Amino acid sequence: MKLKLTYTHENVRKPILAEAIAKTGVLINILEAKVTPTTGEMMIEVPAAEAKAEEIIDFLCKAGLTVKQIAKFLEFDRDRCISCGACVSTCPVEAIKQDKDWQVHLDEAKCIGCRICVYACPMRVIEVF
């Protein structure tokens, strides 16, 4: 499960993720973080069963974070995609692949939302959420 966390000035300096890991025993993978002294946004992945993931979400909300579940990071405009492969070759986690017919496919489970493919696409058909 992928989550977007938003920190406020009051909680940006607290070790909330460390506490969540210690309390639940679930390791949390930080995919992207933008943190300043006054605010922060973080994309994380919680590799746990749904009940355990819900426990982590509940903990994070009670700690004062805004938590939003992310269903997907990327969306392709299939009508405008020319299947050139520019996004495929730049993906650091091989989440984007081409099949034998050169059609581009995204494995949402592997995507880390790094946005490299967005910048690589000459047709600008990839949108990041």
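Residues numbered from 1 in each chain as written. Predicted model: local features only at pLDDT ≥ 70, side-chain atom pairs only at ≥ 80, totals over all residues. Heavy atoms only, no water.

Notes on the environment of Lys14
Then, in step 1: Relative to the assigned elements, Lys14 resides in the loop between β1 (2–7) and α1 (16–24).
Then, in step 2: Spatially, the C-alpha atoms of Lys14 and Gly113 are 25 Å apart, while their sequence positions differ by 99 residues. (Helix = DSSP H or I, 4+ residues; strand = E, 2+ residues; numbered from the N terminus.)

Examining the environment of Gly113
Then, in step 1: Mapped onto the fold, Gly113 is located in the loop between β7 (104–106) and α4 (116–120).
Then, in step 2: Once residues lying within four places of it in the same chain are set aside, the contact partners of Gly113 are Glu32 and Phe73. (Contact = heavy atoms within 4.5 Å.)

Observations regarding the confidence of the model for the chain
Then, in step 1: Here the chain averages 90 in pLDDT, while 99% of its residues score no lower than 70.
Then, in step 2: Mean pLDDT per element in the chain: strand β5 (residues 74–76) is the minimum at 81, and α1 is the maximum at 94. (pLDDT = per-residue confidence, 0-100.)

Here's the deal with the sheet that holds strand β3 (residues 40–45)
Then, in step 1: Across the sheet, which stays open at both edges, the four strands sit in the order β2-β3-β1-β4 with antiparallel pairing between neighbours. Two strands lie at the open edges of the sheet, namely β2 (29–35) and β4 (66–70), each paired on one side alone. Neighbouring strand axes in the sheet, compared pairwise and without regard to direction, differ in orientation by 15 degrees on average.
Then, in step 2: Direction of pairing for β1 relative to β3: antiparallel, over a ladder of six bridges. Looking across to β3, one finds that Leu5 is bridged to Met42.
Then, in step 3: Contacts from α1 reach β1, β2 and β3 within the one sheet, and its direction differs from that of β1 by about 135 degrees.
Then, in step 4: Running over the sheet, helix α2 (residues 50–62) touches β1, β3 and β4 and is turned about 150 degrees from β4. (Pairing = 2+ DSSP bridges. Axes fitted to C-alpha atoms, helices over the stretch in contact; angles between N-to-C directions.)

A look at the pattern of salt bridges
Then, in step 1: Under the criterion given, the structure shown has seven salt bridges.
Then, in step 2: The partner of Asp77 in a salt bridge is Arg80, with the nearest N and O atoms 3.4 Å apart.
Then, in step 3: Assessed through its relative accessible area of 27%, Asp77 is described here as partly exposed.
Then, in step 4: Here the salt bridges share partners, and the residues they tie into one network are Glu32, Lys34 and Arg115. (Salt bridge = Lys/Arg side-chain N within 4 Å of Asp/Glu carboxyl O. Buried < 20%, exposed > 50% of the residue type's maximum accessible area, 1.4 Å probe, protein only.)

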